[in-house]
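# Residue-level structure breakdown
Here's the letter readout for the chains.
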Amino acid sequence: MKHIIAVFSLSLLTGCATIDNVKNLWPRPHDPSLVAGYVNLQQTLNLVDCSNKETINAALEKADWLNKYTFFREDPHRNTTNSIVVNLNKAAASEEVACKRWINLTNINMKTLQKSWGSR
């Protein structure tokens, strides 16, 4: 009897972990706020100029909002939005040549978001 209860408990716990994993992989519904945040950030990133750090600060503000919103929604791509914020912070703190590299990495992360969120 103890073995049956142990096996049942183990399968129940494993099932809960599986449900959490499936919830992360399940397609999410369209979210207009998420799309608006992405578009606003993309437009601001198009205006970023590493010789003028103020343009990076404007993009950083929009990226921070998008990052907080994806964490609030528990979006599967919240790590990507977090990387965008980290890259923009590094771009703002670096010299012009390194800044351009960080901005390029940010644009790669934005393309990842576009491909994943564009089909929602």
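Anything mentioned here points back to the structure above.
The structure reproduced in this document is the subject of the present report. Note that the structure is predicted; figures quoted are calculated from it, not measured. (Residues numbered from 1 in each chain as written. Predicted model: local features only at pLDDT ≥ 70, side-chain atom pairs only at ≥ 80, totals over all residues. Heavy atoms only, no water.)

## Observations regarding helix 2 (residues 32–46)
The terminal C-alpha atoms of helix 2, which comprises 15 residues, lie 21 Å apart, in line with the 21 Å expected from a rise of 1.5 Å per residue. Of the residues making up helix 2, those classed as buried are Leu34, Gly37, Tyr38, Leu41, Thr44 and Leu45. Angularly, the buried residues of helix 2 cover 130 degrees about the axis, an arc narrow enough to put them on a single face. Exposed side chains of helix 2 directed beyond 90 degrees from the buried face belong to Pro32 and Asn46. The inward-facing, buried residues of helix 2 contact helix 3 (53–73), helix 4 (78–93) and helix 5 (96–117). Where helix 2 begins, one side-chain oxygen reaches toward the backbone nitrogen of serine 33, 3.1 Å away; that side chain belongs to aspartate 31. (Helix = DSSP H or I, 4+ residues; strand = E, 2+ residues; numbered from the N terminus. Expected span 1.5 Å × (residues − 1). Buried < 20%, exposed > 50% of the residue type's maximum accessible area, 1.4 Å probe, protein only. Arc of directions from axis to C-beta. Contact = heavy atoms within 4.5 Å. Polar contact = N/O pair within 3.5 Å; in protein donor to acceptor, adjacent residues only side chain to side chain.)

## So, the nonpolar core
Leu41, Leu45, Ile84, Leu88, Ile103, Met110 and Leu113 are the most contacted members of the largest nonpolar core, which has 21 residues in total. Put simply, the parts of the chain that give this core at least two residues each are helix 2, helix 3, helix 4 and helix 5. Sorting elements by how many residues they give to this core places helix 3 first, with six residues. Leaving out residues up to four positions away in the same chain, leucine 41 has contacts with Ala59, Lys62, Ala63, Leu66, Ile84 and Met110. (Core = buried A, V, L, I, M, F, W, Y, C linked by side-chain atoms within 4.5 Å.)

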